[in-house]
Amino acid sequence: MKTENVSPASPFAYAPAPESRSVVDIAPSYGLFIDGEFTEAADGKVFKSLSPSTEEVLSEVAQAGEADVDRAVKAARKAFEKWSALPGAERAKYLFRIARIIQERSRELAVLETLDNGKPIKETRDADLPLVAAHFFYYAGWADKLDHAGYGANPRPLGVAGQVIPWNFPLLMLAWKIAPALATGNTVVLKPAETTPLSALFFADICRQAGLPKGVVNILPGYGDAGAALTAHPDVNKVAFTGSTAVGKQIARTVAGTDKKLTLELGGKGANIVFDDAPIDQAVEGIVTGIFFNQGQVCCAGSRLLVQESIQDELLDSLKRRLSTLRLGDPLDKNTDIGAINSAEQLARITALAETGEAEGAERWSAPCELPASGYWFAPTLFTNVTQAHTVARDEIFGPVLSVLTFRTPEEAVAKANNTQYGLSAGIWTEKGSRILAVANRLRAGVVWANTFNKFDPTSPFGGYKESGFGREGGRHGLEAYLDV
Amino acid sequence: MSDKSERLTVFKTYKLYVGGKFPRSESGRVYEVTTATSAAAAAGKGKWLANAPLASRKDARDAVVAARKAFGGWSTATAYLRGQILYRVAEMLEGRRDQFVREVAEAEGLSKSKAAAVVDAAIDRWVWYAGWTDKITQVVGGANPVAGPYFNLSTPEPTGVVTVIAPQESSFLGLVSVIAPVIAAGNTAVVIASEKSPLPALSLGEVLATSDLPGGVVNVLSGRTAELALPLAAHQDVNGLDLAGADADLAKDLEIAAADNLKRVLRPQAVDTDADFSTAPGTHRLTTFLETKTVWHPTGSLGASGSAY
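Residue positions within a chain follow its written sequence, with the count starting from 1. Chains carry letters from A onward and ligands carry numbers from 1 onward, assigned in written order. Local features in this predicted model are restricted to residues of pLDDT 70 or higher, and side-chain atom pairs are both shown and tallied only at a pLDDT of 80 or more, whereas totals for entire chains, interfaces and linings draw on every residue.

## Side note on the overall build of chain A
- A tally of helices and strands in chain A yields 14 helices and 18 strands.
- The atom set for the radius of gyration is the C-alpha atoms, and the globule formula is 2.2 Å times the number of residues raised to the power 0.38. Taken over the C-alpha trace, chain A has a radius of gyration of 22 Å; the compact-globule value for 485 residues is 23 Å, and the two agree within 12%.
- Here the C-alpha coordinates of chain A stretch approximately 65 × 50 × 35 Å along the principal axes.
- Residue burial here comes from a neighbour count, namely the number of other C-beta atoms, placed from the backbone, that lie within 10 Å of the residue's own C-beta, with 20 or more meaning buried, 12 or fewer meaning exposed, and in between meaning partly exposed. Residues classed as buried in chain A amount to 59% of the 485 residues present.
- Two residues qualify as being in contact provided that their C-beta atoms, derived from the backbone, are within 7 Å of each other. A separation threshold of at least 6 residues defines the contact pool for chain A, and within that pool the share at least 24 residues apart is 73%. A run of H or I in DSSP counts as a helix once it spans at least four residues, and a run of E counts as a strand once it spans at least two, with each numbered from the N terminus.

Here it is, written out as structure tokens:
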């Protein structure tokens, strides 16, 4: 149940408002989805998927190994011939069907995703699912217009796409990968993350409902070894990966010297820059969205707050006051702001990095809130007195932890923002239009939000500079990764 | 006029081009460059032409420092200015056409007329890319119709410092075909010249130095490709790598080294191995070393009583 973090007398006290679980029917076990059929793993291995907010076992899922990867790639290869030869208008209609079925089943999928991932229902319902449907709808329309996409006449698909996605936005990352791949005429073998396999398996059922030809989409739940086997498979033509920078580099080495086309969407350490003329209340909301959306488990999170020195005290007071009103607890409760951390492993990593922050001399503050007894939880936390040399200012924490640094001049803000191996996202808060443009121009980051943060859209290209990866997902740009151009 | 035939010609000392200057290799090393008797002839079999600098790893690192230093100014120069400077390169080359025809003929074992055609094509290629500098942004960027009250704009920006391994056979047209798009897009370049035929590349440095191109935007190294390419592929302050002149084994090793800081890698393309680079280029080499930046701006409203119309 919901954990109250303010006294019952407070105007912020809410009665529990849980979303019903009955809308989703999770089977006790799931197979791999290969060539249109659910099937056991070749070696019979299974693993359990937990609800991170309760540690309850949700289902037991077949665990793909190398033999299964090979089987799935063969199925995708076989399906490629017909799928790529379909008129684009026909492929488009399959994708439109999928988009519509996702809209129809969106409440079910939102509850499922919240159960399996631990993120608040407010986010799955209002952000993840609408974006998933929109992404399929958007790329559906491209399927018969590729001649006009700016890549020359009749651009060809690559073949079989091997796709490995993370656990932070399971179904949305699936959509980002599968929608452009299918629109361009490729077939897909996708490995969801081991902690969040369920929505991808429900998606397999959506493919079945949509009448998608067998083998066009294959889903292989499993661990890193299955992902490695998929990216290394000699009959895969395209590798797309979203995840950690370390694994991304390993994949880049794996595909070196081959003809495989590679796109990587990796880590980040986004700077959220607040100038002294920024509207404080709006900036505070933006900072909260930037680092506490999805418990900070977002590659483009604004995990470094760069605040102009003259307004530091005022801003931090407001920010702390706001963080004290965030409601942490049952992810299915419609009033919950902060859900569970996705796994024990991730919680341990966040905990260790926060301890490093303290040990290195940064000052720690956590919102006063009671954490539920079971499940994986971490209170919204910020570090002040952070220098650029501190681990919490350099390493991606991937959790609800904000590092606060200060600056005096715009020049210094830009230099500090760019002082990172990453280059995925950044935020700028100021009322001065010309300053927004000047600063945005000089930030080495793939996505910049001015007076807003963490906005996404299927028409908007997303991806990083530097070690945040390469290639873009979304928009016309997102087609290139799946075309022989 | 019998003494005219006895005049001794003045040889040129070929030097590296780094940071807008013409240093010798810090290692003090040189290697012999000879004429090619045919396009495929190996070095060492023809007539001696010159001693080229045998650049070292240190020279390569110095070149990266120069390229990084030049990146800020070059990447933020207006596209119009970059276009004018690239066009100026074509103008300067046109004036030194005879010199390059001779050097290309000797380097690649071509007849004078074939070498002239190669040089003409190279000059025209500078003109082609000069015209691209202020057009590519509109072609690959633009406003994105997001479903919300935001103005959302995608713009291409240069990747940074790019190491270019120039084609081994096409010592001049190939060279120009790989350098020009990298700098047209606003990147700066460290170029490893054709190992056996580096002289046209070293002479190109002299042309670039007199074309208003800021020092360090293009840096030219001659020497052993593998010796120079590996440290550059692994260099943490290099952002991109064009493998045009690397053979398959070297290309793989370099791509693996480049993964350490996730350099943007352009693998050897089919066009690079057809040796003559005479095919009209597309935009692929321009876009490979461009990043896409997308900026979201709230559009707001005119207030409660206002109307967007």
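## Looking at helix H13 (residues 410-418) of chain A
All names here are of chain A.
- Considered for burial, the residues of H13 that qualify are Ala413, Val414 and Ala417. The buried side chains of H13 occupy one side of the element, clustering within an arc of 95 degrees when seen end-on.
- The elements touched by buried residues of H13 are strand S11 (271-274), strand S12 (304-308), strand S15 (401-407), strand S16 (425-429) and helix H14 (433-442). Read the arc as the range of directions from the helix axis to the C-beta atoms.

## Thoughts on the sheet that holds strand S4 (residues 46-50) of chain A
All names here are of chain A.
- Note on pairing: DSSP must find at least two bridges between two strands before they are called paired. As summarised here, the arrangement of the three strands in space is S1-S5-S4, forming an open sheet in which the pairing is mixed. With partners counted over all chains shown, the strands left at the sheet margins are strand S1 (29-30) and S4, one partner each.
- Across two bridges, S1 lies against strand S5 (residues 57-62) in parallel orientation. Note on S5: the bridge partner recorded for Tyr30 is Val61.

## Some remarks on the domain arrangement of chain A
All names here are of chain A.
- Delimitation of the domains relies on an automatic or database domain assignment. What the domain assignment lists for chain A is domain 1 (21-266 + 465-482) and domain 2 (271-450).
- Computed from C-alpha coordinates alone, the two centres of domain 1 and domain 2 are separated by 30 Å.
- Each partner contributes residues to the interface: domain 1 has 22 residues there, and domain 2 has 27 residues.
- The set of elements that each furnish at least two residues to the side of domain 1 that touches domain 2 consists of helix H3 (106-117) and helix H4 (121-142).
- Any residue outside Ala, Val, Leu, Ile, Met, Phe, Trp, Tyr, Cys, Pro, Asp, Glu, Lys and Arg is labelled polar, Gly included; the first ten of those are nonpolar and the last four are charged. Tallied by class, the residues present in the side of domain 1 that touches domain 2 amount to six nonpolar, eight polar and eight charged.

## Side note on the interface of chain B and chain A
- Between chain B and chain A, the residue contacts involve 25 residues of the former and 28 residues of the latter.
- Contributing elements (two or more residues each) for the side of chain B that touches chain A: strand S4 (150-158), helix H9 (248-258) and strand S10 (290-298) of chain B.
- Looking at the side of chain B that touches chain A, the element that brings in the most residues is S10 of chain B, giving eight residues.
- Per-class residue counts for the side of chain B that touches chain A are eleven nonpolar, eight polar and six charged.
- With three bridges connecting them, strand S17 (residues 447-450) of chain A and S10 of chain B associate as parallel partners. Among the inter-strand pairings, Val447 of chain A is bridged to a residue of S10 of chain B, identified as Thr294 of chain B.

## Some thoughts on the packing of H3 of chain A against H4 of chain A
Residue and element names in this part refer to chain A.
- Lines fitted to the C-alpha atoms define the axes, with helices restricted to the stretch that makes contact. Angles between their N-to-C directions range from 0 to 180 degrees. The geometry of H3 relative to H4 is characterised by a closest axis approach of 9 Å and an angle of 125 degrees between their N-to-C directions. By the angle between their directions, the pair H3 and H4 is classed as oblique. The handedness of the crossing between H3 and H4 comes out as right-handed. The segment H3 lies against H4, with Ser106, Leu109, Ala110, Val111, Glu113 and Thr114 engaging Ile121, Thr124, Arg125, Asp128, Leu129 and Ala133.
- Of the residues in the contact of H3 with H4, the class split is six nonpolar, three polar and three charged. Every angle not falling under 35 degrees, over 145, or within 65 to 115 is termed oblique; those three ranges are roughly parallel, roughly antiparallel and roughly perpendicular. Crossing handedness is read from the near helix: turned anticlockwise from the far helix by less than a right angle, it gives a left-handed crossing, and turned clockwise, a right-handed one.

## Let's talk about the pairing of strand S6 (residues 188-192) of chain B
Residue and element names in this part refer to chain B.
- Counting buried residues along S6, five of its five residues qualify, which places the element largely inside the surrounding structure.
- Here S6 shows no split at all, with Thr188, Val190 and Ile192 on one side and Ala189 and Val191 on the other all buried.
- Pairing geometry for strand S5 (residues 161-165) and S6, over five bridges, is parallel. Bridging from a neighbouring strand, Val162 pairs with Ala189 of S6.
- Clockwise travel from the first strand over the helix to the second, with the strands pointing away from the viewer, marks a crossover as right-handed. In this region the chain leaves S5, passes through helix H6 (residues 173-184) and returns to the parallel neighbour S6; the handedness of that crossover is right-handed.

## Thoughts on the sheet that holds S10 of chain B
- The sheet built from ten strands is open, its strands ordered S13(A)-S14(A)-S15(A)-S12(A)-S11(A)-S16(A)-S17(A)-S10(B)-S4(B)-S3(B) with mixed pairing. The sheet terminates laterally at strand S13 (363-366) of chain A together with strand S3 (142-143) of chain B, the two strands that pair on one side only.
- As paired elements, strand S14 (residues 381-384) of chain A and S15 of chain A share three bridges and run parallel to each other. When the bridges of S15 of chain A are listed, Thr381 of chain A appears paired with Val401 of chain A.

## Observations regarding the environment of Pro461 of chain A
- On the secondary structure map, Pro461 of chain A appears in the loop between S17 and strand S18 (469-470).
- Look at Pro461 of chain A and you get buried, because 23 C-beta atoms sit within 10 Å.
- Each C-alpha atom of the pair Pro461 of chain A and His477 of chain A lies 6.2 Å from the other, and the pair is 16 residues apart in sequence.
- Pro461 of chain A has contacts with Arg472, Gly474, Gly475, His477 and Gly478 of chain A together with Ser154, Thr292 and Thr294 of chain B, leaving out every residue within four places of it along the chain.

## Quick word on H6 of chain B
Residue and element names in this part refer to chain B.
- One less than the residue count of a helix, multiplied by 1.5 Å, gives the span that helix is expected to have. Taking 1.5 Å of rise per residue, the twelve residues of H6 would be expected to cover 16 Å, and the 16 Å separating its terminal C-alpha atoms lies within 8% of that figure.
- With twelve of twelve residues buried, H6 is to be regarded as a mostly interior element.
- Along H6, the residues that are buried comprise Leu173, Gly174, Leu175, Val176, Ser177, Val178, Ile179, Ala180, Pro181, Val182, Ile183 and Ala184.
- Positive phi appears at Gly186, one or two residues downstream of H6, with a value of about 100 degrees.

## Side note on the packing of H3 of chain A against helix H6 (residues 198-209) of chain A
Residues and elements named next belong to chain A.
- It is at 9 Å that the axes of H3 and H6 come closest, and there the two elements cross at 150 degrees. In this view, H3 runs roughly antiparallel relative to H6, as classed from their interaxial angle. Counting all contacts with H3, which are made through Leu109, Leu112, Glu113 and Asp116, the residues of H6 involved are Leu198, Ser199 and Phe202.
- For the contact of H3 with H6, the class distribution of residues is four nonpolar, one polar and two charged.

## A short note on the pairing of strand S9 (residues 238-242) of chain A
Residue and element names in this part refer to chain A.
- For S9, the tally of buried residues reaches five of five residues, placing the bulk of the element in the interior.
- Of the two faces of S9, the one holding Lys238, Ala240 and Thr242 and the one holding Val239 and Phe241 are both buried throughout.
- Sheet analysis places S9 next to strand S10 (residues 261-265), joined by five bridges and oriented parallel. Pairing of Lys238 across the sheet is with Lys261, part of S10.
- In terms of handedness, the path from S9 via helix H8 (residues 245-255) over to S10 forms a crossover that is right-handed.

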